[in-house]
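Structural overview for review
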Amino acid sequence: MTKNKNHEELSELKRVLIIGSGGRENSIAWALSKNNSIEQIYVCPGNGGTANFEKCFSLKPKSEDEKTIIFECQRLKIDLVIIGPEVPLADGLANKMREAGLTVFGPCRDGALLEASKEWAKALMIENNIPTARYWSTGSEEKALEILQRFNQPLVIKADGLAAGKGVTVCETIEQSKEAIKEVFSGKFGCAANKIILEEKIEGPEVSIFALCDGEKLIVLPPAQDHKRLLEGDKGPNTGGMGAYAPALLINEKDLKDLTELVLIPTLNGLKRKKINYIGVIYAGLMLTSSGPKVIEFNCRFGDPECQALMPLMGEEFASVLFACARGELEKAPKLSFASSCSACIVATSKGYPESPKKGDKININVESNSSLQVFHAGTTIDESENIITSGGRVLSVVAQGESFDEAFDLAYSNLKKINFDGMYFRRDIGYQVRDN
Ligand code: AMP
Ligand code: GLY
């Protein structure tokens, strides 16, 4: 097939629907809106900032059950559905949508196990020689305590299933590991607690790498670095992510190529051997240890807030690439280009995040998004008087691009000052790894 014909087919992409309500989905919508052939982008349910971008709309069906959403996709003649968060992926929304004839970017239920079961993901890594920390898994508290006693060192304790980023405890002492085991089996993480992973503690800087997959082939995005801890200096509790930057300088182009061979391709091949047609993002969270890179987690979707830092770097072809992946035809996609700039993302959270975020505060935003500065909403909504108010823990992120990270972070931080709400909090040291000032 000729190149032009391929591009013609991919330009059939006119209407997109994105499932989710976070900053990740807001930034994907913004990136897609740059594609001239796309006419409408619906975000379901979206947030208070969805409609700020050209061609973007919030879609709030009466009910959020699968049938209603599939009906809405058909009614709106959606050409491509992108599923943002892990929960609907793990619940099999992509399976149901494909059965209904929709074209979907996001793995089916079995592929989503990569994130939804740490034990399953660990087994896949071992089967495919993907480097990872040593581990033990069990469904019994007694056995877990026995393993800990036998190993006689503090271990990292992980609940097996999805736990909104809260199911991992990195322990300094054996006593802490014991407490963490008991906590998992006390039911704190709901059904995430049926099984437990005890993992050897490893050390080193962390970096995230991403592949867009069409079931057979993949392309790799620039690496990014997240900041998971709540407080400056990487202290305090783990959060969903307080900021990010891309491209991460910890790994160069050659390293990324090597990591593609070492981690991403074997993962996709391992999925294929299990007869899983994996369409979507493979996100590998890595730790660069003194004995080489090791995978500490897989996610089956874009990271949040890494996605917000990455989206402004995507070329206009991004929409066609996702569409081609969803159709299993990555070879037909135009080459995805990336801006050579540095991108910085800072997340602003509400008071009480992550334990008990306060909601309902009015947000004042005196910043307009443009090609080098974006405000991506997450936990925001619009009240009856058209005020933007807080509705979640991670409220919004300010993202900026520059020729250097100093320039990008200066622009992001100076514009963050033009936003305020009661109890607003953000880390002032995001990107400390790559900033001089
Ligand atoms: P996860 O939810 O699996 O990404 O884990 C959350 C955080 O816990 C990671 O970003 C790491 O900082 C830390 N972590 C996870 N596994 C290990 C490990 N085996 N050794 C040391 N730290 C870990
Ligand atoms: N920022 C980490 C994640 O999305 O899981």
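Here goes a summary of the coordinates provided. This is a predicted model, so every value here is computed, not measured.

Our next topic: the sheet that holds strand 7 (residues 156-159). Spatial ordering of the open sheet is given by 6-9-7-8, a layout of four strands whose pairing is antiparallel. The open sheet has two free edges, formed respectively by strand 6 (135-138) and strand 8 (168-169), since each of these has just one partner strand. Examined bridge by bridge, strand 7 and strand 8 share two bridges and lie antiparallel to one another. Bridge pairing in strand 8 places Ile157 opposite Thr169. The strands that helix 7 (residues 118-127) touches are strand 6, strand 7, strand 8 and strand 9 (196-199); relative to strand 6, the one it contacts most, it runs at about 140 degrees.

Okay, the site of ligand 2 next. The environment of ligand 2 is formed by Asp226, Gly240, Tyr283, Asn299, Arg301, Gly303, Asp304, Pro305 and Glu306. Separating an oxygen atom of ligand 2 from a side-chain N or O atom of Arg301 is a distance of 2.8 Å. Surface burial for ligand 2 is 90%, taken as the share of its 200 Å² of free accessible area covered by protein chains. By residue class, the composition of the shell around ligand 2 is two nonpolar, three polar and four charged.

It is worth spelling out empty space enclosed by the protein at this point. Considering all chains together, one arrives at one cavity of 30 Å³ or more under this definition. Considered as a void within the structure, the largest cavity measures approximately 50 Å³ in volume. Lining the largest cavity we find Ile82, Ile83, Gly84, Leu89, Phe105, Gly106, Pro107, Gly280, Val281, Cys300, Arg301 and Phe302. Residue composition of the lining of the largest cavity, by class: eight nonpolar, three polar and one charged.

Reading the values: the criteria
- Residues numbered from 1 in each chain as written.
- Chains lettered and ligands numbered in written order.
- Predicted model: local features only at pLDDT ≥ 70, side-chain atom pairs only at ≥ 80, totals over all residues.
- Heavy atoms only, no water.
- Pairing = 2+ DSSP bridges.
- Helix = DSSP H or I, 4+ residues; strand = E, 2+ residues; numbered from the N terminus.
- Contact = heavy atoms within 4.5 Å.
- Axes fitted to C-alpha atoms, helices over the stretch in contact; angles between N-to-C directions.
- Near = heavy atom within 4 Å.
- Polar contact = N/O pair within 3.5 Å; in protein donor to acceptor, adjacent residues only side chain to side chain.
- Areas by Shrake-Rupley, 256 points an atom, 1.4 Å probe, with all protein chains shown as cover.
- Nonpolar A, V, L, I, M, F, W, Y, C, P; charged D, E, K, R; others polar.
- 1 Å grid on protein atoms, 1.4 Å probe; cavity = no way out; pocket = protein on both sides within 12 Å on 5 of 7 lines; lining within 4 Å.
- Points joined across faces, edges and corners; volume = space filled by probe spheres on them.

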